[in-house]
Amino acid sequence: MQVWKFGGTSVGKPERMHSIRNLITEDSGRKIVVLSALSGTTNSLISIGESLKSNNDAEANEKIDSLYAHYQSFIKELYKTEEGYTKGKTIIDNEFNFIRSLVNIKPFTLKQEKEIVAEGELLSTQMFEAYLQEEGVSSALLPALDFMLIDADNEPVLSFTEEKLTAMLSQLEDKQIFITQGFICRNPRGEVDNLKRGGSDYTASLVGGAIRAEEIQIWTDIDGMHNNDPRIVKRTFPVRELTFEEAAELAYFGAKILHPSTITPAKMRGVPVRLKNTMEPNAYGTLIADKTTDSEIKAIAAKDGITAIYIHSTRMLNAYGFMRKVFEVFENFKTPVDMITTSEVSIAVTIDNAENLDKITAVLGQFADLEEHDRNQSIICIVGNFMADKAGIALKVMEAMRDIPIRMIAYGASEHNISLLVDTKHKNEALNALNEGLFKFD
């Protein structure tokens, strides 16, 4: 069995849902299909929630009516028979009746906020499954709220998903296609919640890992993960193969097509992940697996919103214990560190969440000297196969960057990553320079 995930743009129009139906039925294998909400729906639901939090019920009702009208138009084009349309109308009426019922709940709390946001996935999956039934496809709906659970640390409980999902599938052995919701889950209190990081991609990976799927396919509107950011760099190309480690590095450092959390469950269970393009379904895409080609340099990604902090020990040489004290501060404020460079008496680190920056620097200042930190920085990550016995890779990178100021360099901690810190004003120039310097173009 495979797991296929389709995002909001892939289900955002009736004709897109028709195309997905063709895709999933042309392939004869059994599969679980994970769907996001229709594009724009989640933002609309968040906006409705904001009006309700502000006690602006009239505004909320206007927004609800507008979204309902969109779904009315949608189902008129989605279904081909009167019976199908009637089922679709019943689905949207039921879900919007629930949304409207939240207007009367005072105060409008985080619990209701999460319930209203979940409606996007509940709508899209029920509508699509009803469409498959209309088309005579052997299908069933698997409610994600029955098998997706997060713990007190907001981490998915994979063993729970495996147990519940296996039991559900054993009762539906005669079905070919299974539809489920991405993103949504329950928390330890049994309330509706969400996966936050990675959303529907994360759901697909968790489901794929839980059932030991043959393959997880993430369908988007671009043809796989590119070697560089196509919005900034003119000449890019899809990378055919990546290891789990390479893909995770690229995702963490800014490749928008994939969230870094997505890779973990698939890697744990050894399930390959393939990135595919709904607009070009026959294209190879990008395959992420345990092994890959031996190409030295695979791809480049960039992460913005970085702050660099420069920390100097007041004890000068041989200041043992200094680094432990520094990183305890970041741990206490739950602030991850991206890059680290060190000398005998100094540490430079970068963070991508500056929410607690003033508190962090206040505590660090009690035992260290601080330079003025640099905001508006970008980390550029070059990913590939950088085994220790390979020579000349760093030279190629530095040569490509010869005209661009570099603030920090991290190389050697990973066999898959060279990271450079540059001022964000130089990011576009750096990405283009690295693209021309590191890749061969005909």
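Within each chain, residues carry numbers counting from 1 in the order of the written sequence. Where totals are concerned, whole chains, interfaces and linings use all residues; where local detail is concerned, this predicted model gives features only for residues with pLDDT of at least 70, and gives and counts side-chain atom pairs only at 80 or more. To obtain the side-chain values, all non-hydrogen atoms of the structure were used and water was disregarded.

(A) Representation of the overall build of the chain. The helix count covers DSSP runs of H or I at least four residues long, the strand count covers runs of E at least two residues long, and both are numbered beginning at the N terminus. A count of helical and extended segments in the chain gives 13 helices and 17 strands. For 442 residues, the compact-globule estimate of 2.2 N^0.38 gives 22 Å, and the C-alpha radius of gyration of the chain, at 24 Å, lies within 12% of that figure. Projected onto the principal axes, the alpha-carbon positions of the chain cover approximately 80 × 55 × 40 Å. Counting only residues that meet the buried cut, the chain has 51% of its 442 residues in that class. Any two residues whose heavy atoms approach within 4.5 Å are treated as being in contact. Looking at the chain alone, contacts between residues at least 24 apart form 74% of all its contacts between residues at least 6 apart. Within these notes, the globule rule equals 2.2 Å times the number of residues to the 0.38 power, and the radius of gyration is based on C-alpha atoms. Classification of residues uses two cut-offs on accessible area relative to the type maximum, computed with a 1.4 Å probe and protein chains only: under 20% is buried, over 50% is exposed, and between them is partly exposed.

(B) View of the pairing of strand β17 (residues 417-423). Most of β17 is tucked away, with seven of its seven residues classed as buried. Inspection of the sheet shows strand β15 (residues 374-384) paired to β17 by seven bridges, in the antiparallel sense. Across the sheet, residue I382 finds its bridge partner in β17, namely I418. Here four bridges tie strand β16 (residues 408-411) to β17, and the two strands are oriented antiparallel to one another. Note on β17: the bridge partner recorded for I409 is L420. In this antiparallel pair of consecutive strands, β16 and β17, the connection spans five residues, and G412 shows a positive phi of 120°. A pair of strands is treated as paired once DSSP finds two or more bridges between them.

(C) Structural view of the nonpolar core. Formed by 100 residues in total, the largest nonpolar core has its most connected members in F6 and M127. Residue contacts for F6: discarding those within four places in its chain leaves V11, I20, L23, I24, V33, V34, L35, S36, W219 and T278. By size, the runner-up hydrophobic cluster in this structure holds 20 residues, among which are V397, A400, I404 and L431. To qualify as a nonpolar core, a set must consist of buried Ala, Val, Leu, Ile, Met, Phe, Trp, Tyr and Cys residues joined through side-chain atoms within 4.5 Å.

(D) View of the packing of aromatic side chains. When the centres of two rings from Phe, Tyr and Trp lie within 6.5 Å, Trp using its six-membered ring, the rings pair. Their planes under 30 degrees apart give stacked, over 60 give edge-to-face, and anything left gives tilted. Tallied over the entire structure, the rule returns ten aromatic pairs. Ring geometry for F6 versus W219: centroids 5.7 Å apart, planes at 25°, classification stacked. One end of the pair, F6, is in strand β1 (residues 2-6); the other, W219, is in strand β7 (residues 216-220), with 213 residues separating them in the sequence. On the basis of relative accessibility, which here comes to 0%, the residue F6 falls in the buried class. Residue classification places W219 among the buried residues on the basis of a relative accessible area of 3%. Geometrically, the ring pair formed by Y68 and F96 is edge-to-face, given 5.2 Å between the ring centres and 70° between the ring planes. In this pair, Y68 sits in helix α3 (residues 57-78) while F96 sits in helix α4 (residues 82-101), placing the two residues 28 residues apart along the sequence. According to the relative accessible area criterion, Y68 is buried, its value standing at 13%. Among the aromatic side chains, those forming a connected cluster through ring pairs are W4, F6 and W219. Above the ring of Y284, the side-chain terminus of R240 is found at 3.7 Å from the ring centroid. Charge-over-ring contacts are defined here by two conditions on Lys NZ or Arg CZ: a distance within 6 Å of the ring centre and an angle within 35 degrees of the ring normal. In this arrangement the basic side chain of K303 is found over the ring face of Y252, its NZ or CZ atom lying 3.7 Å from the centre.

(E) Quick peek at the side chain of E249. Here E249 shows up in helix α8 (residues 244-252). Nearest to the buried, unbridged E249 among oppositely charged side chains is K267, at 9.3 Å. Not counting residues within four places of it along the chain, the set of residues in contact with E249 comprises C381, V383, S414 and N417. By the counting scheme adopted, Arg and Lys are positive, Glu and Asp are negative, and His together with the chain ends is not counted. What counts as a salt bridge is simple: a side-chain nitrogen of Lys or Arg found within 4 Å of a carboxyl oxygen of Asp or Glu.

(F) Just the packing of helix α7 (residues 199-210) against helix α9 (residues 260-269), in detail. Axis lines are fitted to C-alpha atoms, over the contacting stretch for helices. Their N-to-C directions set the angle, which ranges from 0 to 180 degrees. The contact between α7 and α9 brings their axes to 8 Å, and the two run at 5°. Comparing their axes, α9 and α7 come out roughly parallel. Packed against α7, whose contacting residues are D201, Y202, S205, L206, G209 and A210, the element α9 presents S261, T262, I263, P265, A266 and R269 at the interface. Roughly parallel refers to an angle under 35 degrees, roughly antiparallel to one over 145, roughly perpendicular to one between 65 and 115, and oblique to any angle outside these ranges.

(G) Summary view of the pattern of salt bridges. Counted under the stated rule, the structure contains 26 salt bridges. K267 is the partner of E245 in a salt bridge, and the nearest nitrogen-oxygen pair spans 3.1 Å. You can see E245 sitting in helix α8 and its partner K267 sitting in helix α9, a full 22 residues away along the chain. Judged by its relative accessible area of 30%, E245 is partly exposed. Of the residues examined, K267 reaches a relative accessible area of 38% and is grouped as partly exposed. In the salt-bridge network here, residues are joined through shared partners; they are R21, K80 and E135.

(H) Quick peek at unusual backbone geometry. Residue K106 is joined to P107 through a cis peptide bond whose omega torsion reads -5°. Mapped onto the secondary structure, P107 falls in the loop between α4 and α5 (110-134). For N154, which is not a glycine, the phi torsion comes out positive at approximately 65°. Positionally, N154 belongs in the loop between β3 (139-142) and α6 (158-170). On the basis of relative accessible area, N154 is assigned to the partly exposed category, the value being 36%. For F183, which is not glycine, the phi dihedral falls at a positive 80°. Mapped onto the elements of the fold, F183 is located in the loop between β4 (177-181) and β5 (184-186).

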